Amino acid sequence: MQPRARIRTWLGAAVAVAVLGGLALVSFPGGTAPPASTGGPGRPMGAVSPAPHVDEATRTDAVGALLRRRALAVRNHDEPAFLATLDPKADPVFVAGQRRMFTNLAGVPFDEWSYRLRADDALDLTELPDTGPADELWAPAVDLHYALHGADLVPTDRAMGYLFARHGDAWYLRSDTALGGLGRNTWRGPWDFAPCVVAATRYGIVLSHPGSEPMVDRLVHELDSSVEAVSAVWPTSWSHRVAFLLPDSPGEMRALVGPDFPVESVVAVAVADRVDNRTRTVAGQRVVLSPSGVRTLSVASLRIVLRHEITHLAARADTVDGSPTWLLEGFADYVGYRDSGVTLAEGAPDLAKQVRHGDPPTALPEDRAFRSGGAELDLAYQQSWSVTRYIAERYGEPALIAVYRKLAGAGPVSALETDAMLRGLLGVDRDGLVGGWQSYLKDTLK
């Protein structure tokens, strides 16, 4: 058995809130909702002629129509129509990148691909460096609205930093990088990095790139049984749909999980684009796998990792941001290890050593320990798993699930409130829980 894989969860991933004011839905099929208001015209230095009498409604309609044509071209795999939406005077590097991206998309089945144009959130372009000649430049907010077939029950939205250029009466897409200096960047999907290959199962998909076939086969073999194993524990309804993403490089993984995430130190990350706990709506859930680390896992270790991450997906709608990390990660580990046959001593060697040296933990793991690294992080995970395992063995698995739903559903609460919830569920407060846990560790790891 290989050492337990270090697993972290990106629970704070991009919780987006739909903006209703000034929202134009640009989709295929469908139409364009009229914006409530529009932003002013951009006038970058030197390259754009003055436009003192801009018809904002006409501009919004024209760019909306451009985005509809672009979306239709993607859905119909119509490369000439797609390339016709690009500015003929755009940087050739941008055009070549768009051509590659279109080709890379060919193997991905989408239930939805459209754009949301928010004309009232246009950038001031007075400080934009010269991007080439145009009669007018405009940078409204644009979101890609897409759904992966076999994985997404509802579409998700990702921000696109699009700059549009007008030549005469015609509008085109000029760039998707020029606005970075103004704070508006373009989200990069797997198709921005290499051709995409999708393998489908009953409960989800594996999206990868050519050359990853052996790893894809392993993931396909584990996906459905992992979903069923998680569903056997987690009683609350969830989508039962999973998208495994297997990037080719740390740079691609970082683009998929966030620029500040330590991708070199993990083997898998569960992410979501949008979570609404009130309506129990979750969009854009993915399990992103390390391009190198996941390939080194044994069969048993891979199974534990995947079930851990899928547990996060299943419980996401019932997990409020700010909930105690020991419970979130400990419960996911509990489900991951549940049918593995791995003993506590085998799965938590650092904790076992600590207990055998007469130094058992005296408190529940703190959130800060999960933001650390190395031995402290490993010990925090091992302790968390052992706490949830203790609760399940001492009070029963339904009690553990009830503790998760109550505490994770409450979010950040005071110590007194936590004690009250624990007493209501288990008959003990935190001190009582820790005392029982210590005795359990001494008996189990002696």
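Coordinates for the structure precede this section.
Each value, and the rule that gives it
Residues numbered from 1 in each chain as written. Predicted model: local features only at pLDDT ≥ 70, side-chain atom pairs only at ≥ 80, totals over all residues. Heavy atoms only, no water. Helix = DSSP H or I, 4+ residues; strand = E, 2+ residues; numbered from the N terminus. Buried < 20%, exposed > 50% of the residue type's maximum accessible area, 1.4 Å probe, protein only. Contact = heavy atoms within 4.5 Å. Areas by Shrake-Rupley, 256 points an atom, 1.4 Å probe, with all protein chains shown as cover. Core = buried A, V, L, I, M, F, W, Y, C linked by side-chain atoms within 4.5 Å. Salt bridge = Lys/Arg side-chain N within 4 Å of Asp/Glu carboxyl O. Pairing = 2+ DSSP bridges. Right-handed = clockwise from strand over helix to strand, strands pointing away. Expected span 1.5 Å × (residues − 1). Axes fitted to C-alpha atoms, helices over the stretch in contact; angles between N-to-C directions.

## Quick look at the overall build of the chain
In step 1: A count of helical and extended segments in the chain gives 13 helices and 14 strands.
In step 2: A burial count over the chain gives 53% of its 446 residues as buried.
In step 3: Of the contacts formed within the chain by residues at least 6 apart in sequence, a portion of 71% connects residues at least 24 apart.
In step 4: Roughly 18,500 Å² of accessible area belongs to the chain as shown, and the carbon and sulfur atoms make up 53% of that amount.

## A short note on the nonpolar core
In step 1: Ranked by internal contacts, the top residues of the largest apolar core, which has 69 residues, are Leu219, Trp238, Phe244 and Leu289.
In step 2: Leaving out residues up to four positions away in the same chain, Trp238 has contacts with Val227, Val230, Ser231, Ile310, Leu313 and Ala314.
In step 3: Counting 47 residues, the second-largest nonpolar core is a separate cluster that includes Ala73, Val74, Val142 and Val288.

## Observations regarding the pattern of salt bridges
In step 1: A complete count under the given rule lists 24 salt bridges for this structure.
In step 2: For Arg118, the salt bridge goes to Asp143, with nearest N and O atoms at 3.2 Å. Placement of Arg118 in strand β2 (residues 110-118) and of Asp143 in strand β4 (residues 141-148) is noted, with a sequence separation of 25 residues between them.
In step 3: You can call Arg118 buried: its relative accessible area is 14%.
In step 4: With a closest N to O distance of 3.7 Å, Asp192 and Arg188 form a salt bridge.
In step 5: Relative accessible area serves as the criterion here: at 27%, Asp192 is assigned to the partly exposed category.

## Some words on the pairing of strand β9 (residues 204-208)
In step 1: In terms of burial, β9 is a largely internal element, five of the five residues being buried.
In step 2: The alternating pattern of β9 places Gly204, Val206 and Ser208 and Ile205 and Leu207 on opposite faces, both of which are buried.
In step 3: In this sheet, β9 lies alongside strand β8 (residues 197-200) in antiparallel orientation, the contact comprising four bridges. The residue of β9 that forms the bridge with Val198 is Leu207.
In step 4: Taking the residues between adjacent antiparallel strands as the criterion, β8 and β9 are bridged by three residues.
In step 5: Bridge count for β9 against strand β10 (residues 242-245) is four bridges, and the pairing is parallel. The residue of β10 that forms the bridge with Val206 is Phe244.
In step 6: Handedness of the β-α-β unit built from β9, helix α4 (residues 213-233) and β10 comes out left-handed.

## What about helix α11 (residues 397-410)?
An α-helical turn contains 3.6 residues, so a residue and the one three or four places further along point in the same direction.
In step 1: Over its 14 residues, α11 runs 20 Å from end to end, which matches the ideal 20 Å to within 8%, given 1.5 Å per residue.
In step 2: Residues of α11 that are buried in the fold lie against α4, α6 (299-315), α7 (325-337), α10 (374-395) and α12 (415-426).
In step 3: Count one or two residues on from α11 and you reach Gly411, which has phi positive near 75 degrees.

## Some thoughts on the sheet that holds strand β11 (residues 268-271)
In step 1: Taken in spatial order, the five strands of this open sheet run β8-β9-β10-β14-β11, and their pairing is mixed. The sheet is open, and its two edges are formed by β8 and β11, each paired on a single side. When strand polarity is set aside, the average angle formed by the axes of neighbouring strands in this sheet is 20 degrees.
In step 2: In the packing of α4 onto the sheet, contacts are made with β8, β9, β10 and β14 (286-289), and the angle to β9 comes to roughly 155 degrees.
In step 3: Against the sheet, α6 makes contact with β10, β11 and β14, and its axis sits at roughly 15 degrees relative to β11, the strand it touches most.

Keep in mind these numbers describe shape, not what the thing actually does.
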